[in-house]
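Listed below are the residues making up each chain.
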Amino acid sequence: MAQAVTKSADRRQIGLEAFDQNDLPKAFGMLDSWLSDHPDDGEIYLYRARIWNQFKNPQKADIDYTAYLQFFPDHGEVYLERGRARFQSSLYELAKQDFEAFLQLPRGETSQVIYRKSAAAAGFSQVFTAQTPNPAQAYFHLGLCSIELKEFEQAVVYLDSAIRYQADEPDFYAEKGKALALQGEKEEAKLNYEKALDLYPDHYLSRQRMAFLTQSSDEEALEALTQSIASAPENPEPFKQRGYYRLSHRDPSGAKDDFLQALSMEPDDAQLWFYLGSSWVGLKNFKEAEKAFSKALEHDPQNVEYLLHRGQSRYRMREFDHALADFTLVTFYDPEYDSGFYHKGITLQRISGGKTGCPDLRKAMDLGMEEAKTAWQKACGQN
């Protein structure tokens, strides 16, 4: 019996030692097993959350950070870590609350090193610790959240604060330039991009955004994106940007190649899979499009845009039952999405005929979709 207790206690120590040695699979196995038997050991939730972060699973990291904070609600730096996980999960309002909490609470003692993926270079090139008295990173992330929430004026305020505490960080100026450009302040945006390039001449995002502000032709814009790739060939972001540009300029073949290249470096990016699927649609290869949309849904299963596009691909392959399943999920997850009801309605009409799709077409029409009105009048209106 004593031997069994010793072995149980060893799991905790072995897991912590493996974490310190960066043997994350072993650390996770030991600590996950320990927590299943000792759910009141609050400290270990923090270690497991950090492992989830390294495994690129911010949703599960968020859950464990939250569990840890139930035990230690005044541990300020953990709010910064949880905020970053929530930002990665697109939970921008919740992330902002965490960054604000980090700024208000005292920093604790921790040796945790946080790696921040900088736009200035490939890989995780920027390192900072959560307990540093410099709050620049919290203000920077508040600015990023505000940009995503389209609160551009507030974003500039936050980014100015980040710059005030750390004036030599090019990413701060690049994102401030973006916020200003989105407000139509092009000259001010240029000044910030120029500052970022002064600090780091190979800052590809600033060069790319500057090109878009000053471009006089599509060829010049595409050349700027290609130069960005040459500056950072191991970074997926330039390939993403050029892929988006090509897709929006009716070059689905070139876009497909760029998205595949980006996915070879960042295979867990749901949005990349979605845009790859859109490229295959442009090439009228609906089977490959369905596969790509399915990959996107593996990472974000309730995303109605991904479901809608996969359903459309299935519809075009005459897989009407599978398409109907996707469109039904769209209407379940977003009961105000007119396109979901429209596509569900026309698919029901295709499967069963008669007026089976009329309630859904009517719903889409009531939500303001003109195309649904035409379809309803043709299939469901009184003669």
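Residues numbered from 1 in each chain as written. Predicted model: local features only at pLDDT ≥ 70, side-chain atom pairs only at ≥ 80, totals over all residues. Heavy atoms only, no water.

As annotated in an unreviewed UniProt entry, the chain is Tetratricopeptide repeat protein from Algoriphagus aquatilis.

Points about the UniProt feature "repeat: TPR" (unreviewed entry) in the chain
Summarizing the sequence annotation, UniProt attributes the feature "repeat: TPR" (unreviewed entry) to residues 136-169, 170-203 and 270-303 in the numbering used throughout. In residues 170-203, helix accounts for 79% and strand for 0%; the two terminal C-alpha atoms are 8 Å from one another. For residues 270-303, the end-to-end C-alpha separation is 10 Å, with 79% helix and 0% strand making up the annotated structure. (UniProt positions renumbered as here; feature names shortened; annotations may be inferred. Helix = DSSP H or I, 4+ residues; strand = E, 2+ residues; numbered from the N terminus.)

A closer look at the environment of Ala 61
With respect to the secondary-structure elements, Ala 61 resides in helix H4 (residues 58-71). Relative accessible area serves as the criterion here: at 0%, Ala 61 is assigned to the buried category. Filtering out sequence-adjacent residues up to four positions away, Ala 61 remains in contact with Ala 49, Trp 52, Asn 53 and Ala 85. (Buried < 20%, exposed > 50% of the residue type's maximum accessible area, 1.4 Å probe, protein only. Contact = heavy atoms within 4.5 Å.)

Some details on the state of the cysteines
For the coordinates displayed, the defined rule picks out 1 disulfide. At a sulfur-sulfur separation of 2.0 Å, the disulfide partner of Cys 358 is Cys 380. Linking Cys 358 and Cys 380, the disulfide has an S-S dihedral of approximately -95° and is accordingly described as left-handed. Remark: Cys 380 occurs in the segment after helix H21 (370-379) and Cys 358 occurs in helix H20 (residues 358-366); sequence separation between them is 22 residues. Residues Cys 358 and Cys 380 agree in their burial class; the two are buried. (Disulfide = S-S within 2.5 Å.)

Some thoughts on the packing of helix H17 (residues 304-316) against helix H18 (residues 320-333)
Where H17 meets H18, the axes come as close as 8 Å, and the angle between the chain directions of the two elements is 160°. Between H17 and H18, the angle falls in the class roughly antiparallel. The chirality of how H17 crosses H18 is left-handed. On H18, the residues that touch Val 304, Leu 307, Leu 308, Arg 310, Gly 311, Gln 312, Arg 314 and Tyr 315 of H17 are Phe 320, His 322, Ala 323, Asp 326, Phe 327, Leu 329, Val 330 and Tyr 333. Across the contact of H17 with H18, the residue classes break down as 10 nonpolar, 3 polar and 3 charged. (Axes fitted to C-alpha atoms, helices over the stretch in contact; angles between N-to-C directions. Parallel < 35°, antiparallel > 145°, perpendicular 65-115°, else oblique. Left-handed = near helix turned anticlockwise from the far one by under 90°. Nonpolar A, V, L, I, M, F, W, Y, C, P; charged D, E, K, R; others polar.)

Things to note about the pattern of salt bridges
If you walk through the whole model with that rule in mind, you get 27 salt bridges. For Arg 242, the salt bridge is made with Asp 258, and the minimal N-O distance between the two is 2.8 Å. Separated by 16 residues along the polypeptide, Arg 242 in helix H13 (residues 236-248) and Asp 258 in helix H14 (residues 252-265) bring together distant segments of the chain. Summarising the burial analysis for this pair, Arg 242 and Asp 258 share the class buried. The network of salt bridges with shared partners includes Lys 287, Glu 290, Arg 310, Arg 314 and Asp 326. (Salt bridge = Lys/Arg side-chain N within 4 Å of Asp/Glu carboxyl O.)

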